[in-house]
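The lines below spell out each chain.
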Amino acid sequence: MANLGRGNGFVIVERVDDQAAGDWYVQVWLRDGNTYQLEFRDGTAAEHYQTRTISQEKVIAALSGWAKGRPEWKDAFMWNNISTFFADAD
């Protein structure tokens, strides 16, 4: 996270499970103005969510919590379902 910047503004962490269909990942994008756009997908396009924050600490905690499978990792944010952007993806 500390190395995010111009030309290197993304982190994507993907969970690969051959037994589960779909895509499972969390990603962060460092936007202009040092704002973090955090997204996660739980298997299908219908379960794709997004939020924004200025807190690097909250982003690090979210990525770590997601990677460890802790269900409370997303509680620090208000999430928007952005599935309509991916309506034709599945």
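Quick caveat: nothing in here was measured; it's all calculated off a predicted structure.

Considering the sheet that holds strand 1 (residues 10–15)
Turning to step 1, where the next piece is worked out: One open sheet accounts for five strands, arranged 1-2-3-4-5; its pairing is antiparallel. On the outer flanks of this sheet lie strand 1 and strand 5 (80–81), each paired with one strand and no other.
Turning to step 2, where the next piece is worked out: Pairing between strand 3 (residues 35–43) and strand 4 (residues 48–53): six bridges, direction antiparallel. Bridge pairing links R41 to H48 in strand 4.

Observations regarding the packing of aromatic side chains
Turning to step 1, where the next piece is worked out: Considering all chains together, one arrives at six aromatic pairs under this definition.
Turning to step 2, where the next piece is worked out: Judged by centre distance (4.8 Å) and plane angle (90°), the rings of F40 and W79 are edge-to-face. Here F40, found in strand 3, pairs with W79, found in the loop between helix 1 (56–67) and strand 5; they are 39 residues apart in sequence, far enough to count as distant. Like F40, the residue W79 is buried in the burial classification.

Here we look at unusual backbone geometry
Turning to step 1, where the next piece is worked out: For N34, which is not glycine, the phi dihedral falls at a positive 55°.
Turning to step 2, where the next piece is worked out: Note that N34 resides in the loop between strand 2 (23–31) and strand 3.
Turning to step 3, where the next piece is worked out: Classification of N34 as exposed rests on a relative accessible area of 54%.

Concerning the layout of surface pockets
The gaps left among the atoms become clear once a water-sized probe is rolled over them.
Turning to step 1, where the next piece is worked out: Estimates place the volume of the largest pocket at around 220 Å³.
Turning to step 2, where the next piece is worked out: Lining the largest pocket are G5, R6, G7, N8, G9, F10, W29, L30, R31, D32, G33 and N34.
Turning to step 3, where the next piece is worked out: Tallied by class, residues from the lining of the largest pocket come to three nonpolar, six polar and three charged.

Let's talk about the nonpolar core
Turning to step 1, where the next piece is worked out: V26, V28, L38, W73 and W79 are the most contacted members of the largest nonpolar core, which has 15 residues in total.
Turning to step 2, where the next piece is worked out: Every element with two or more residues in this core is listed here: strand 2, strand 3 and helix 1.
Turning to step 3, where the next piece is worked out: Examining the composition of this core, we find that four residues originate from one element, helix 1, more than from any other.
Turning to step 4, where the next piece is worked out: Once residues lying within four places of it in the same chain are set aside, the contact partners of W73 are V26, F40, A62, G65, W66 and W79.

Considering the confidence of the model for the protein chain
Turning to step 1, where the next piece is worked out: Scored by pLDDT, the protein chain has a mean of 87; 94% of the residues are at 70 or more.
Turning to step 2, where the next piece is worked out: Mean pLDDT across the elements of the protein chain bottoms out in strand 1 (88) and peaks in strand 4 (96).

Some details on the pairing of strand 2
Turning to step 1, where the next piece is worked out: Summarising the sheet, strand 1 and strand 2 pair through six bridges and their orientation is antiparallel. In the sheet register, E14 faces strand 2, and the bridge partner there is Y25.
Turning to step 2, where the next piece is worked out: Where strand 2 meets strand 3, nine bridges bridge the pair, whose relative direction is antiparallel. If you follow W24 over to strand 3, its bridge partner there is D42.
Turning to step 3, where the next piece is worked out: Hairpin connection, strand 2 to strand 3: the antiparallel pair is bridged by three residues, and G33 has positive phi, about 80°.

Cut-offs and rules
- All residue numbers refer to position in the chain's written sequence, counted from 1.
- Thresholds applied to this predicted model are a pLDDT of at least 70 for local features of residues and 80 or more for the giving and counting of side-chain atom pairs; totals over whole chains, interfaces and linings are not thresholded and use all residues.
- By convention in this description, side-chain values take in all heavy atoms of the structure and omit both hydrogens and water.
- Pairing between strands is defined by DSSP: at least two bridges between the two strands are required.
- For the purposes of this entry, the term helix denotes a DSSP run of H or I that reaches at least four residues, the term strand denotes a run of E that reaches at least two, and both are numbered from the N terminus.
- Pairing of aromatic rings covers Phe, Tyr and Trp, the last counted by its six-membered ring, and requires centre-to-centre distances within 6.5 Å; plane angles under 30 degrees mean stacked, over 60 mean edge-to-face, and any other angle means tilted.
- Only protein chains enter the area calculation, which uses a 1.4 Å probe; residues under 20% of their type maximum are buried, those over 50% are exposed, and those in between are partly exposed.
- Using protein atoms alone on a 1 Å grid, points that fit a 1.4 Å probe yet trap it form a cavity, whereas open point sets bounded by protein on both sides within 12 Å along at least five of seven lines form a pocket; residues with an atom within 4 Å of a point count as lining.
- Grid points are joined across faces, edges and corners, and a volume is the space filled by probe spheres set on the points.
- In this classification, Asp, Glu, Lys and Arg are treated as charged, Ala, Val, Leu, Ile, Met, Phe, Trp, Tyr, Cys and Pro as nonpolar, and every other residue, Gly included, as polar.
- Throughout this description, the term nonpolar core refers to a set of buried Ala, Val, Leu, Ile, Met, Phe, Trp, Tyr and Cys residues connected via side-chain atoms within 4.5 Å.
- Two residues form a contact once any of their heavy atoms are found within 4.5 Å.
- Every residue gets a pLDDT, meaning the predictor's confidence in that residue, from 0 to 100.

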